[in-house]
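Listed below are the residues making up each chain.
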Amino acid sequence: MSESAQSPVDGRDIPRPMLAKRLASGLLGYASGLPLLLVGGTFAFWMREAGVSLQVIGLLSWASIAYSLKFLIAPVMDAYALGPFGRIFGRRRAWILLAQLGVTAGLAAMAFGDPATNLPLAAAACFAAAMASASQDAAVDGWRVELAPTEEQGLLVAAYQLGYRLAMLTAGAGALYLAEGLDWVGAYSVMAGIMALIAVVTATLIPRTPRDDEPRDPAAKGLALAAPLRDLLALVAATPLTTLAMIGLYRVPDQLANVMSSPLYKDLGFTNIEIANVTKVFGVVLGIFGAFVGGFLLTRLSLRTVLIIGIVASAATNLFYSALAVTGHSVLMLAATISFDNVASAIAGTALIAFMSKLAASEFSATRYAVLSSIYALPGHLLAGGSGFVASASGFPVYFALTFVSGLPALLLVLALREPKPSQTRAEPSVAA
């Protein structure tokens, strides 16, 4: 039997174990990407259609702060294996599966919370789905970093980003098409069903990591959290503050723009079908292209250089949004904006994930990566809560111009950056029930 298969991307022979890892990484990227728009941009569009104010939409974007709290659950994931459930499915897969079931329940609850008549229920379900989604991300991050050595992480990240972008196509265009043909309740019910199906696939087909079958000593339960926390302190002590600041500020332009982009489309008079076709279908295809471009650049250029390209391009995208706000209802201008946005965002995201994966390489990868990704997500999400007030007071053209300027601090920090070497810190393996 052949030990290799042909890549659907470039036709090269890929060893079957690596191909399986990339397919699994792509599927879990899809699982991670699906809830993001459903608790973010798609939900914002539903709210604006229901007449919810920009101020409230901005405040409810704080549901995304859940993605900044992954460091609270990640040490538990590194330390405990969920007892018999973990022994059956493997530590990482068990946590991923549990989180996916939580996302399914949250999306199902959102389906019955109409923002026009029951905004509190819709908001509570949105926060619950976001918390479960963030927990899933923490488990998937640990799974991916543990699954392959550092030199293979670029390929896994590219596959993850591909799956992520396909999920955005589903949760963006798919949800809008369903809302147009059925209604929003039907759209979110279908999304919950897709998430349930992914959970079944996760339980049966996703490969285990090397740590999944490690023996665990029940007598050491009380000390289980100590090792990952010691490892985390070692990471913080060894990482310059400028590096942590760069991670925290790198995606701020994207985060600030994303919160107000859906209300902008609605206020400019674009229909659901126009938004689905241009921003969700055409845009996601370009986002997939951008993920491959990002992966390719990482194989040809230094990681620091790709980070510079990513932050410059993603910040410049917001000038397109400003121009769109001035131009008005123009499908051509919308297409140009979405084209640049999705390619730039995919390159920036791939570069930052690869950078954080290098820093996270450790026995306790879930904890490390969760803290790093929380640092990356928190500043932008906190600032986004006030985005509706700024956009209402200044207007969309000025608001998006200001978000362009927000990329300057991150650019300066990247220019001063030294690339991290893969961590050599290896604490003693944790033990759990």
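## Quick notes on the overall build of the protein chain
Secondary structure assignment for the protein chain yields 19 helices and 2 strands. Within the protein chain, the fraction of its 433 residues that count as buried is 58%. Considering only contacts within the protein chain whose residues lie at least 6 apart along the sequence, 84% involve residues at least 24 apart. Total accessible area computed for the protein chain in this model is approximately 16,500 Å², and 70% of it derives from carbon and sulfur atoms.

## Observations concerning a nonpolar patch on the surface
Residues L59, W62, F127, L378, L382 and F389 make up a contiguous nonpolar surface patch of roughly 510 Å² in combined accessible area. Here L378 lies in helix α16 (residues 365-384).

## What to know about the packing of helix α6 (residues 91-111) against helix α7 (residues 119-147)
Contact geometry for α6 and α7: axes closest at 8 Å, N-to-C directions at 160°. Of the possible angle classes, the one that applies to α6 and α7 is roughly antiparallel. Read as a crossing pair, α6 and α7 show a hand that is left-handed. Partitioning the contact of α6 with α7 into residue classes produces 15 nonpolar, 7 polar and 2 charged.

## A word on the side chain of S314
Checked against the element boundaries, S314 lands in helix α14 (residues 303-327). What makes S314 buried here is its relative accessible area of 1%. Discounting chain neighbours no more than four positions away, the residues touching S314 are P253, D254, A344 and A348.

## Regarding the environment of S406
One can find S406 in the loop between α18 (396-405) and α19 (408-415). The exposure class of S406 is buried, given its relative accessible area of 19%. Residues S406 and L256, 150 residues apart in the sequence, show an inter-C-alpha distance of 8.9 Å.

## A short note on the packing of aromatic side chains
Per the counting criterion, the structure on display carries 10 aromatic pairs. Taking 5.2 Å as the distance between ring centres and 80° as the angle between the ring planes, the aromatic pair formed by Y399 and F400 counts as edge-to-face. You'll find Y399 and F400 in the same group, each marked buried. Aromatic rings pair up to connect F43, F45, W46, W184 and Y188 into one cluster.

## Brief notes about the nonpolar core
L34, L107, M110, Y188 and M260 are the most contacted members of the largest nonpolar core, which totals 84 residues. Among the elements that take part in this core, α7 stands out by supplying 13 residues, more than any other. L307, L352, L372 and V414 belong to the second-largest nonpolar core, a separate cluster that totals 29 residues.

Rules used throughout
Just so you know, the residues in each chain are numbered from 1, in the order the chain's sequence is written. Where local features are concerned, this predicted model is filtered to residues with pLDDT of at least 70; where side-chain atom pairs are given and counted, the filter is 80 or more; whole-chain, interface and lining totals use all residues. In computing side-chain values, all of the structure's heavy atoms are included and hydrogens and water are not. Runs of H or I in DSSP of at least four residues are treated as helices and runs of E of at least two as strands, each being numbered from the N terminus. Throughout this description, buried means an accessible area under 20% of the type-specific maximum (1.4 Å probe, protein chains only), exposed means over 50%, and partly exposed covers the range between. Whether two residues touch is decided by their heavy atoms; if any such pair falls within 4.5 Å, the residues are in contact. Methods summary: accessible areas were calculated by the Shrake-Rupley approach with a probe of 1.4 Å, and residue burial reflects only the protein chains presented. Patches here: salt-bridge-free residues with over 30% relative accessible area, like charges joined within 9 Å, nonpolar side chains (Val, Leu, Ile, Met, Phe, Trp, Tyr) joined within 5 Å. Salt bridge, as used here, is a side-chain nitrogen of Lys or Arg placed within 4 Å of a carboxyl oxygen of Asp or Glu. In this analysis an axis means a line fitted to C-alpha atoms, helices contributing only their contacting stretch, and an angle means the value between N-to-C directions, from 0 to 180 degrees. Oblique is the label for any angle not under 35 degrees, not over 145, and not in the 65 to 115 range, which are roughly parallel, roughly antiparallel and roughly perpendicular in turn. Note on convention: the crossing is left-handed when the near helix lies turned anticlockwise from the far helix by less than a right angle, right-handed when the turn is clockwise. The classification used treats Ala, Val, Leu, Ile, Met, Phe, Trp, Tyr, Cys and Pro as nonpolar, Asp, Glu, Lys and Arg as charged, and all other residues, Gly among them, as polar. Geometry of aromatic contacts follows a simple scheme: Phe, Tyr and Trp rings, the Trp one being its six-membered ring, pair when their centres are within 6.5 Å, and the pair is stacked under 30 degrees between planes, edge-to-face over 60, tilted otherwise. Here the nonpolar core consists of buried residues drawn from Ala, Val, Leu, Ile, Met, Phe, Trp, Tyr and Cys, with membership extended through side-chain atoms lying within 4.5 Å.

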